[in-house]
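Structural features, examined
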Amino acid sequence: MTTDATGTGVTEQAVAGLATTADPRLRELLTGLVRHLHDFARETRLTQEEWERAIAFLTATGQACTDTRQEFILLSDVLGLSMLLETLNGHHAPGATESTVLGPFHMTESPARALGDDIDLVGGGEPCVVSGRVLSEDGTPLPGATVDVWQADGKGYYDVQQPGVQPAGNGRGLFTADTEGRFWFRTCVPAPYPIPTDGPVGDLLRATGRHPYRPAHIHFIAAAEGHTPVTTHIFVAGGDYLDSDAVFAVRRSLVQDFATTDDALLAREFGVRNPFRQARFDLVLERTS
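Here goes a summary of the coordinates provided.

1. Section: the overall build of the chain
Counting secondary structure elements, the chain contains 7 helices and 13 strands. C-alpha atoms of the chain, sized along the principal axes, occupy 80 × 45 × 30 Å. Within the chain, the proportion of its 289 residues that are buried is 43%. Expressed as a percentage of contacts within the chain between residues at least 6 apart in sequence, the contacts between residues at least 24 apart total 69%. Here the chain displays about 15200 Å² of accessible surface, and carbon together with sulfur accounts for 55% of that area. Between the centroid of the 23 positive side chains of the chain and the centroid of its 38 negative side chains there is a distance of 2 Å.

2. Considerations on the environment of Gly156
Counting through the fold element by element, Gly156 comes out in the loop between β2 (146-151) and β3 (172-176). According to the relative accessible area criterion, Gly156 is buried, its value standing at 3%. C-alpha separation for the pair Gly156 and Arg53, spaced 103 residues apart in sequence, amounts to 32 Å. When sequence neighbours within four positions are dropped, the list of residues in contact with Gly156 reads Gln161, Ala191, Pro192 and Tyr193.

3. Describing helix α1 (residues 8-16)
Taken together, the buried positions of α1 are occupied by Gly9, Thr11 and Val15. Seen along its axis, α1 keeps its buried residues to an arc of 160°; they face one direction. On its buried face, α1 is in contact with α2 (24-44).

4. Digging into the packing of aromatic side chains
According to the stated counting rule, one finds 11 aromatic pairs in the structure shown. Between Phe175 and Phe185, the ring centres sit 5.1 Å apart and the planes meet at 15°, which makes this aromatic pair stacked. Taken together, the residues Phe175 in strand β3 and Phe185 in strand β4 (residues 182-188) connect sequence positions 10 residues apart. Neither Phe175 nor Phe185 differs from the other in exposure class; each is buried. Ring centres of Phe183 and Phe281 lie 5.9 Å apart, and the angle between their planes is 70°; on these two criteria the pair is classed as edge-to-face. Of this pair, Phe183 sits in strand β4 while Phe281 is found in the loop between β12 (276-280) and β13 (283-287), placing the two residues 98 residues apart along the sequence. Both residues of the pair, Phe183 and Phe281, count as buried. One aromatic cluster in this structure is built from Phe175, Phe183, Phe185, Phe220 and Phe281.

5. Some thoughts on the packing of helix α3 (residues 48-63) against helix α4 (residues 71-78)
One can describe the packing of α3 onto α4 by two numbers: an axis separation of 7 Å at closest approach and a directional angle of 125°. Considering the angle they form, α3 stands oblique to α4. The residues of α4 that touch α3, namely those facing Phe57, Leu58, Thr61 and Gly62, are Glu71, Phe72 and Leu75. Here the contact of α3 with α4 is composed, by residue class, of 4 nonpolar, 2 polar and 1 charged.

6. Points about the sheet that holds β2
Spatial ordering of the open sheet is given by β3-β2-β7-β9-β10, a layout of 5 strands whose pairing is mixed. Two strands close off the open sheet at either side, each with one partner strand: β3 and β10 (255-256).

7. Thoughts on the side chain of Ser76
Along the polypeptide, Ser76 turns up in helix α4. When sequence neighbours within four positions are dropped, the list of residues in contact with Ser76 reads Leu81 and Ser82.

8. Concerning the environment of Ala237
Here Ala237 lies in the loop between β9 (230-236) and β10. Along the backbone, Ala237 and Asp257 are 20 residues apart, and their C-alpha atoms lie at a distance of 5.1 Å. In contact with Ala237, other than residues within four places in its own chain, are Leu242, Val255, Gln256 and Asp257.

Definitions and limits used
- Residues numbered from 1 in each chain as written.
- Predicted model: local features only at pLDDT ≥ 70, side-chain atom pairs only at ≥ 80, totals over all residues.
- Heavy atoms only, no water.
- Helix = DSSP H or I, 4+ residues; strand = E, 2+ residues; numbered from the N terminus.
- Buried < 20%, exposed > 50% of the residue type's maximum accessible area, 1.4 Å probe, protein only.
- Contact = heavy atoms within 4.5 Å.
- Areas by Shrake-Rupley, 256 points an atom, 1.4 Å probe, with all protein chains shown as cover.
- Lys, Arg positive; Asp, Glu negative; His and termini not counted.
- Charge placed at Lys NZ, Arg CZ, Asp CG, Glu CD.
- Arc of directions from axis to C-beta.
- Phe/Tyr/Trp six-rings, centres within 6.5 Å; stacked < 30°, edge-to-face > 60°.
- Axes fitted to C-alpha atoms, helices over the stretch in contact; angles between N-to-C directions.
- Parallel < 35°, antiparallel > 145°, perpendicular 65-115°, else oblique.
- Nonpolar A, V, L, I, M, F, W, Y, C, P; charged D, E, K, R; others polar.
- Pairing = 2+ DSSP bridges.

Following this line, the structure appears as C-alpha cells:
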C-alpha cells in the first residue's frame, strides 16, 4: 500500500496489522487507539521533536511511580480521563450514591478498625465525627457491609506522603457496618491539599497555568454482598476549590455539611473535644440483580 502526503496509508497498514488479534474487544480498542492517535498527529501537525518530548514525559511518568505513588493515575486524573470514565461507566440506580475517582493515594491496605475508632492518629486537626448507614437502593440496611476510608490530615497530607511524620495507616480505616447498617468513626476535618507537583504531572500543571489543589474530602469504598461496590468521596461544604478541583471530581450530590456541634455531653459520649464537627450521610448501593 502506498503512503500519501497525509500518511493515511500508514494508518490503514497499522490497522490492518491488528486484524489477526484474537480477542475482539482488544482488536476494537487498539484499532480505535491507532486511528485516533494518527488523526491527532495529522490534525495538530505533530513534529518529531514534540513526539520525542511526549515520549520523554511518559517515560518520566512511569519512572515516578513507586509502591506508594501512582503518577499515571495522577496524570489520568488531571487530564479529566479518570472522571470521564466514572461518568461513562457509573450507571447507578436512582438514589444510589454517585461514584467519583479513586485518586492516587489508595496505595496501602486500610487497617481494620472497630466502629467509633479514631483514624486521626496524629491529632492537631479539628475533631470530627462521621456517621451514616450503608443501604440498598430500596432503603434496606446492609448489615456487615464494609466501609473503606482514607483521607488527608488536617494539614492536607496523606500518610504515604509523610512516612517520617505520620504513622502508617493514619487517616485510614476499614469498618464493618453493624446489624442496622450503621457506621461511625472519629477523625479530623480534612484540609484542601495540592496533588503532588514534584513530578511530571506537576510540570504539566505549571506549563498549563493550572493550580494543583483539591477541595477537602474523605474517600470511601462501600461494599456489600449482592450489591455493586461504590468508590466515592464526601466533600466539605463551603470549602475552597469545590468549583475548580484539579481532577474534576466534584459531584454536587457528594458535597456534605460538616456542621459545628457545641455540646459537651455529646462530645464526651463520642470521645472528642468540644466543640467538634459532624458529618452524617448514607452510602446507598445498587443491587447486582
